[in-house]
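Below are the chains, spelled out letter by letter.
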Amino acid sequence: MTLKKTLDREALARAVAGLKKQKKRIVFTNGCFDIVHSGHVACLEAARSLGDVLVAGLNSDASVREIKGPERPIVPLEHRSRVMAALACVDFVTAFDEPDPWNLINAVRPDVLVKGGDWAPNAIVGADIMEKTGGKTLSIPLVPGMSTSFIIDKILKTYKKK
């Protein structure tokens, strides 16, 4: 069942267009979502509360490597997509190969664009699209102490002690 939530860009654009005709409010967020943790879930749930449909764009493995370095992602796209699609608050999952989601956001044209609070709204990729289309760009507060990098560092420190 969750795999039907995972669509390529073209299928997603068609699905969103149909939902917009039904007057559904589309929310979009994106990220690597490498090791999904409670901070991710809190942000996704908050994003979902801002509309009727939440679309999550995931960086492809190559895109994650370009952004985070050669040791990442820890979890391959296929598995990251499956985890994201299994979350009740996420309605659709799609991947993008570019280092940023501008082209994907332009294809989806959401009503609300959301990122975590480490991004100022005017610095969020796609904010220009939202301004042109009358949408909103928002930052959602982060859960203190929760990040994939923090989790990876903690794991590495734990294993170095052994």
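An unreviewed UniProt entry lists the protein chain under the name D-glycero-beta-D-manno-heptose 1-phosphate adenylyltransferase, with uncultured Desulfobacteraceae bacterium as the source organism.

S.K.: Report on the pattern of salt bridges, specifying residues and quantitative values.
M.R.: According to the stated counting rule, one finds 4 salt bridges in the structure shown. Measuring nitrogen to oxygen at the nearest pair gives 2.9 Å for the salt bridge that ties R48 to D91. Of this pair, R48 sits in helix α2 (residues 38-48) while D91 sits in the loop between α4 (77-86) and β3 (92-96), and the two are 43 residues apart along the sequence. Note on D91: relative accessible area 22%, which makes it partly exposed. Ionic pairing is found between D61 and R80, a salt bridge with its closest N-O pair at 2.7 Å. A residue pair is termed long-range when its members are at least 10 positions apart, and D61 in helix α3 (residues 61-68) and R80 in helix α4 qualify at 19 residues. D61 sits in the partly exposed class, given a relative accessible area of 21%.

S.K.: Got a sec to walk through the UniProt feature "domain: Cytidyltransferase-like" (unreviewed entry) in the protein chain? Specific residues and values, please.
M.R.: UniProt tags residues 28-133 as "domain: Cytidyltransferase-like" (unreviewed entry). The distance from the first to the last C-alpha atom of residues 28-133 is 14 Å, and the span holds 41% helix and 20% strand.

S.K.: Give a description of unusual backbone geometry that names residues and reports values.
M.R.: Here the residue pair R72 and P73 is connected by a cis peptide bond, since its omega of 5 degrees sits within 30 degrees of zero. Positionally, P73 belongs in the loop between α3 and α4. The phi torsion at K23 lies on the positive side, around 65 degrees, for a residue other than glycine. Among the structural elements, K23 can be located in the loop between α1 (9-21) and β1 (26-31). We note that F33 has phi near 45 degrees; this positive angle belongs to a residue other than glycine. With respect to the element layout, F33 can be found in the loop between β1 and α2. For F33, a relative accessible area of 8% puts it in the buried group.

S.K.: Can you lay out the layout of surface pockets for me, pointing to particular residues and giving the numbers?
M.R.: Estimated volume of the largest pocket: approximately 700 Å³. Contributing to the lining of the largest pocket are 31 residues, with G31, C32, K115, D118 and W119 lying nearest its centre. The greatest single-element share of the lining of the largest pocket, amounting to 4 residues, is contributed by α2. Residue composition of the lining of the largest pocket, by class: 14 nonpolar, 11 polar and 6 charged.

S.K.: For the environment of D100, give the residues involved together with the corresponding values.
M.R.: Structurally, the position occupied by D100 is in the loop between β3 and α5 (102-108). As a C-alpha pair, D100 and A46 span 54 residues in sequence and 22 Å in three-dimensional space. Within the structure, D100 has its side chain in polar contact with the backbone nitrogen of W102 (distance 2.9 Å).

Cut-offs and rules
- Residues numbered from 1 in each chain as written.
- Predicted model: local features only at pLDDT ≥ 70, side-chain atom pairs only at ≥ 80, totals over all residues.
- Heavy atoms only, no water.
- Salt bridge = Lys/Arg side-chain N within 4 Å of Asp/Glu carboxyl O.
- Helix = DSSP H or I, 4+ residues; strand = E, 2+ residues; numbered from the N terminus.
- Buried < 20%, exposed > 50% of the residue type's maximum accessible area, 1.4 Å probe, protein only.
- UniProt positions renumbered as here; feature names shortened; annotations may be inferred.
- 1 Å grid on protein atoms, 1.4 Å probe; cavity = no way out; pocket = protein on both sides within 12 Å on 5 of 7 lines; lining within 4 Å.
- Points joined across faces, edges and corners; volume = space filled by probe spheres on them.
- Nonpolar A, V, L, I, M, F, W, Y, C, P; charged D, E, K, R; others polar.
- Polar contact = N/O pair within 3.5 Å; in protein donor to acceptor, adjacent residues only side chain to side chain.

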